[in-house]
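Take a look at the letters that make up each chain.
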Amino acid sequence: GQQVQQSPASLVLQEGENAELQCNFSTSLNSMQWFYQRPGGSLVSLFYNPSGTKQSGRLTSTTVIKERRSSLHISSSQTTDSGTYLCAMVYNYAQGLTFGLGTRVSVFP
Amino acid sequence: EAAVTQSPRNKVAVTGGKVTLSCNQTNNHNNMYWYRQDTGHGLRLIHYSYGAGSTEKGDIPDGYKASRPSQENFSLILELATPSQTSVYFCASGGGQGAREQYFGPGTRLTVL
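Reading guide: rules and limits
- Residues numbered from 1 in each chain as written.
- Chains lettered and ligands numbered in written order.
- Predicted model: local features only at pLDDT ≥ 70, side-chain atom pairs only at ≥ 80, totals over all residues.
- Heavy atoms only, no water.
- Helix = DSSP H or I, 4+ residues; strand = E, 2+ residues; numbered from the N terminus.
- Contact = heavy atoms within 4.5 Å.
- Areas by Shrake-Rupley, 256 points an atom, 1.4 Å probe, with all protein chains shown as cover.
- Lys, Arg positive; Asp, Glu negative; His and termini not counted.
- Charge placed at Lys NZ, Arg CZ, Asp CG, Glu CD.
- Core = buried A, V, L, I, M, F, W, Y, C linked by side-chain atoms within 4.5 Å.
- Buried < 20%, exposed > 50% of the residue type's maximum accessible area, 1.4 Å probe, protein only.
- Pairing = 2+ DSSP bridges.
- Axes fitted to C-alpha atoms, helices over the stretch in contact; angles between N-to-C directions.
- Disulfide = S-S within 2.5 Å.
- Salt bridge = Lys/Arg side-chain N within 4 Å of Asp/Glu carboxyl O.

Quick look at the overall build of chain A now. Tallying secondary structure elements over chain A gives zero helices and eleven strands in all. Counting from the amino terminus, helix and strand elements in chain A follow one another as β-β-β-β-β-β-β-β-β-β-β. Judged by the C-alpha coordinates and their principal axes, chain A covers about 40 × 25 × 20 Å. The long-range share in chain A, meaning contacts at least 24 apart out of those at least 6 apart in sequence, stands at 57%. Total accessible area on chain A stands at roughly 5,100 Å², and carbon and sulfur atoms take up 46% of it. For chain A, the separation between the mean place of its 7 positive charges and that of its 5 negative charges on side chains is 12 Å.

Okay, here's the thing in structure tokens:
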């Protein structure tokens, strides 16, 4: 079946530092989605990114479908960025997402 | 902003009891999904639906049933709850032709004793 590998598993940052999170997919995919999971557990969609680069504030997502990978760049990290970042692949549009295990990010002042 | 709500938010059940988790979406999305999240496994798909009256098995359907009585509502049913079903359950909508992005509810924490 489809697999999603995220790296690193965890990351510790000092406020103001940049970070790059990686997501690799074992099979071809149609698209992918990045989520932020708050410490309380709720999931927030950050990017739905079939290909190319998308930016929202200090976050940038880049997906290269042919290479089966996507990255999430956090610039000038803040303590409020702490949480878990999940990526998920879209193999079949109607049949749900396949998730990675996530990258836990901790940002300290 | 897409709106997906779940109830209850927390539930404690006894082994062998019946549990129903409810999900409501106001986005008029055709597709809805149920996932569970466990440490070491991430989120996994249990059941999904293409619209009212339809339910499909996901990757881990054993021990679960689903019901989609209307466009807005999608339920997950545990007929005979077991401790192994202790988990956090998320409902989502979207992902279909009209709305490729999936939007998630806040989650339900279920403990089966």
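For soluble globular proteins, the rule of thumb is that nonpolar side chains tend to be buried together. Residues Leu 21, Phe 25, Trp 34, Leu 72, Tyr 85 and Val 105 of chain A are the most contacted members of the largest nonpolar core, which totals 20 residues. Elements represented by at least two residues in this core include exactly strand 2 (10–14), strand 3 (19–25), strand 4 (31–37), strand 8 (69–74), strand 9 (83–90) and strand 11 (103–108) of chain A. Per element, the largest residue contribution to this core is four residues, and it comes from strand 3 of chain A. Counting 18 residues, the second-largest nonpolar core is a separate cluster that includes Leu 21, Met 32, Ala 81 and Val 112 of chain B.

Here the focus is the sheet that holds strand 1 (residues 4–7) of chain B. Residues and elements named next belong to chain B. As summarised here, the arrangement of the four strands in space is 1-3-8-7, forming an open sheet in which the pairing is antiparallel. Only two strands of the sheet have a single neighbouring strand rather than two, namely strand 1 and strand 7 (65–67). Taking each pair of neighbouring strands and ignoring which way they run, the sheet shows an average axis angle of 20 degrees. As judged from the three bridges shared by strand 7 and strand 8 (residues 73–78), these two strands associate in the antiparallel manner. Bridged to Ser 67 within strand 8 is Ser 75.

Let us now look at the sheet that holds strand 3 of chain A. Residue and element names in this part refer to chain A. The strand order across the open sheet formed by five strands is 1-3-8-7-6, and the pairing between neighbours is antiparallel. Lying at the two open borders of the sheet, with one neighbouring strand each, are strand 1 (4–7) and strand 6 (52–56). Strand-to-strand twist across the sheet, computed as the mean angle between neighbouring axes with direction ignored, equals 15 degrees. Here strand 7 (residues 59–64) runs beside strand 8; their pairing, made up of six bridges, is antiparallel. Opposite Thr 62, over in strand 8, you have Ser 71 as the bridge partner.

The next subject is the state of the cysteines. Here a disulfide denotes a covalent bond joining the sulfur atom of one cysteine to the sulfur atom of another. For the structure on display, the rule yields two disulfides over all chains. Residue Cys 23 of chain A pairs covalently with Cys 87 of chain A via a disulfide, S to S 1.8 Å. For the disulfide bridge between Cys 23 of chain A and Cys 87 of chain A, the dihedral angle about the S-S bond is near 70 degrees, and by the sign convention the bridge is right-handed. One end of the pair, Cys 23 of chain A, is in strand 3; the other, Cys 87 of chain A, is in strand 9, with 64 residues separating them in the sequence. Here Cys 23 of chain A falls in the buried class, since its relative accessible area comes to 0%. Overall, the relative accessible area of 0% leaves Cys 87 of chain A in the buried class. The partner cysteine of Cys 23 of chain B in its disulfide is Cys 91 of chain B, sulfur to sulfur 1.9 Å. Classification of the bridge connecting Cys 23 of chain B and Cys 91 of chain B rests on its S-S torsion, roughly -80 degrees, and on that basis the disulfide is left-handed. One end of the pair, Cys 23 of chain B, is in strand 3 (residues 19–25); the other, Cys 91 of chain B, is in strand 9 (residues 87–94), with 68 residues separating them in the sequence. Among the residues examined, Cys 23 of chain B registers a relative accessible area of 3% and is labelled buried.

Our next topic: the pattern of salt bridges. All names here are of chain B. By the definition in use, this model includes five salt bridges over all chains. Arg 36 is the partner of Asp 38 in a salt bridge, and the nearest nitrogen-oxygen pair spans 2.8 Å. The two residues Asp 38 and Arg 36 agree in class, both being buried. Several salt bridges converge on common partners, so that one network encompasses Arg 36, Asp 38 and Arg 44.

Function cannot be read off these values alone, since they describe shape.
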